[in-house]
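What follows is the residue order along each chain.
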Amino acid sequence: MECEQPRDLDAALRAIHSEPTATLLAGGTDLMVDVNAGRANPTHVVSLRHIGELQEWRDERIGAGVTYARMEIGHHRALAELSRTVGSPQIRNAGTIGGNLGTASPAGDSLPFLYALDAGVELRSATTTRVVPVHEFITGVKRTAIAPGELITAALLPEHIPRRQAFGKIGLRNAMVISMVSACVFRDDDGTTRVALGAVGPTVIRARRAEVMISTESAPSEAALEEFTRLVREEVRPITDQRGTEAYRRHASGVLARRLLERCLAA
């Protein structure tokens, strides 16, 4: 196996341009699991660990190499909350937001946060730079719109982010767990509400009907909260697998989204 370790972004882009099928290595928290399990056998690896440009975090531009350990002490409450749920301290020190986007797992912990904000994914090649909305970038289970020779360089958040925000997830245990259901909720001062759920469809799901309904309620009543819960349950598309049944995931989606909304309302 050949491994390149470029020290700056231009060198990394040149390496990827010359070998478009190379395997990109960031934190390795997903890739090395597949390698150890025999599901991946890369022949050419480009390591991104030493590229300072990818580790920069300026305002609402989060470099692809920013780790969960840094995000868990950041100023976005929901991003910090989700980062604290990721694996062990060792995993949080290695795993990156760019790696989470590139893996494109429906259970990716950072993805509901990015979907709820309609974030953009910045992609660069040796010749071009483009920004793709996250809901267009992730096209299916572990599938993305990244082109050969491209590299995820940043997640781009909107300029305005609601102050009231919350993230939560449900798993088989309290720590170091892959989500059975995850959700992120934002509530703006004018009542506009955004709800994104992970691990309950082939990609993250925005509960659009529930968003529209609850956004019209300035002070949601118990009846409104019940209707919100029902709409969320209807909008998700979970499956039954080793971590949980379709029925449980559907029920849990409504419960979790309501609890997070109530936290936002109380903030």
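J.: Hey, could you run me through the overall build of the chain in this one?
T.: For the chain, the helix and strand inventory stands at 11 helices and 14 strands. On C-alpha atoms alone, the chain measures out to a radius of gyration of 19 Å, which is about the 18 Å that the 2.2 N^0.38 rule sets for 267 residues. With the C-alpha coordinates aligned to their principal axes, the bounding extent of the chain is approximately 60 × 40 × 30 Å. Within the chain, the proportion of its 267 residues that are buried is 51%.

J.: Just to check I follow, could you spell out the packing of aromatic side chains for this structure?
T.: Aromatic ring pairs are reported here in terms of the distance separating the ring centres and the angle at which the planes meet. As enumerated under the stated definition, the model contains 1 aromatic pair in all. Residues phenylalanine 113 and phenylalanine 186 carry aromatic rings whose centres are separated by 5.8 Å and whose planes lie at 50° to one another, so their mutual orientation is tilted. Taken together, the residues phenylalanine 113 in helix H7 (residues 111-116) and phenylalanine 186 in strand E12 (residues 181-187) connect sequence positions 73 residues apart. For the residue pair phenylalanine 113 and phenylalanine 186, the accessibility class agrees, reading buried in each case.

J.: I keep staring at the packing of helix H10 (residues 222-235) against helix H11 (residues 246-266) and nothing clicks. Help me out?
T.: Relative to each other, H10 and H11 sit at 135°, their axes nearing to 8 Å. When the interaxial angle is binned, H10 and H11 end up oblique. For the pair H10 and H11, the sense of crossing is right-handed. Seen from H10, the contacting residues are Glu222, Leu225, Glu226, Phe228, Thr229, Val232, Arg233 and Glu234; seen from H11, they are Arg250, His251, Ser253, Gly254, Val255, Ala257, Arg258, Leu261, Glu262 and Leu265. Among the residues making up the contact of H10 with H11, the classes are represented as 7 nonpolar, 4 polar and 7 charged.

J.: Help me out: how do you make sense of the pattern of salt bridges in this one?
T.: Think of it this way: side chains of opposite charge can pair up when their charged atoms draw near. If you walk through the whole model with that rule in mind, you get 19 salt bridges. For glutamate 72, the salt bridge identified is with arginine 92, shortest N-O distance 3.4 Å. Residue glutamate 72 is found in the loop between helix H3 (68-71) and helix H4 (77-84), and its partner arginine 92 is found in helix H5 (residues 89-94); the two are separated by 20 residues along the sequence. Here arginine 92 falls in the buried class, since its relative accessible area comes to 13%. Across the pair glutamate 234 and arginine 230 runs a salt bridge whose closest N-O atoms are separated by 2.5 Å. Of this pair, glutamate 234 and arginine 230 both sit in helix H10, 4 residues apart, which is roughly one turn of the helix. Judged by its relative accessible area of 41%, glutamate 234 falls in the partly exposed class. Taken together, the salt bridges that share partners define one network made up of Asp118, Arg194, Arg206 and Glu211.

J.: Is there a simple way to think about the sheet that holds strand E2 (residues 23-25) in this case?
T.: Think of a sheet as strands paired side by side through backbone hydrogen bonds, with each pair either parallel or antiparallel. An order of E1-E3-E2 is seen for the 3 strands of this open sheet, with the pairing classed as parallel. Of all the strands in the sheet, the pair left with one neighbour each is strand E1 (2-4) and E2. Strand-to-strand twist in this sheet, taken as the mean axis angle between neighbours without regard to direction, amounts to 25°. One ladder, built from 3 bridges, connects E1 with strand E3 (residues 44-47); its direction is parallel. Residue pairing for E3: glutamate 4 is matched across the bridge by valine 46.

J.: Before we go on, may I ask you to explain the sheet that holds strand E7 (residues 129-133) in this structure?
T.: Strand order in the open sheet formed by 5 strands is E4-E5-E10-E6-E7, and the pairing between neighbours is antiparallel. In this open sheet, the two edge strands, each paired with only one partner strand, are strand E4 (57-58) and E7. Sheet topology places E4 next to strand E5 (residues 61-63); 2 bridges connect them, and they run antiparallel. Counterpart to tryptophan 57 in the pairing with E5 is isoleucine 62.

J.: Explain the pairing of E7 to me, please; I cannot follow it from the model alone.
T.: Where a strand is regular, its side chains alternate between the two sheet faces. Direction of pairing for strand E6 (residues 120-124) relative to E7: antiparallel, over a ladder of 5 bridges. Each bridged residue has a counterpart across the sheet, and for arginine 124 the counterpart in E7 is threonine 129. Between E6 and E7, which pair antiparallel in sequence order, lie 4 residues.

J.: Can you walk me through the side chain of serine 253 in this structure?
T.: Considering the arrangement of structural elements, one finds serine 253 in helix H11. Classification of serine 253 by relative accessible area gives buried; the value is 0%. In this view, serine 253 contacts Val181, Leu197, Val200, Val232 and Val236; residues no more than four positions away in its chain are not counted.

What counts and how
- Residues numbered from 1 in each chain as written.
- Predicted model: local features only at pLDDT ≥ 70, side-chain atom pairs only at ≥ 80, totals over all residues.
- Heavy atoms only, no water.
- Helix = DSSP H or I, 4+ residues; strand = E, 2+ residues; numbered from the N terminus.
- Rg over C-alpha atoms; globule rule 2.2 N^0.38 Å.
- Buried < 20%, exposed > 50% of the residue type's maximum accessible area, 1.4 Å probe, protein only.
- Phe/Tyr/Trp six-rings, centres within 6.5 Å; stacked < 30°, edge-to-face > 60°.
- Axes fitted to C-alpha atoms, helices over the stretch in contact; angles between N-to-C directions.
- Parallel < 35°, antiparallel > 145°, perpendicular 65-115°, else oblique.
- Left-handed = near helix turned anticlockwise from the far one by under 90°.
- Contact = heavy atoms within 4.5 Å.
- Nonpolar A, V, L, I, M, F, W, Y, C, P; charged D, E, K, R; others polar.
- Salt bridge = Lys/Arg side-chain N within 4 Å of Asp/Glu carboxyl O.
- Pairing = 2+ DSSP bridges.

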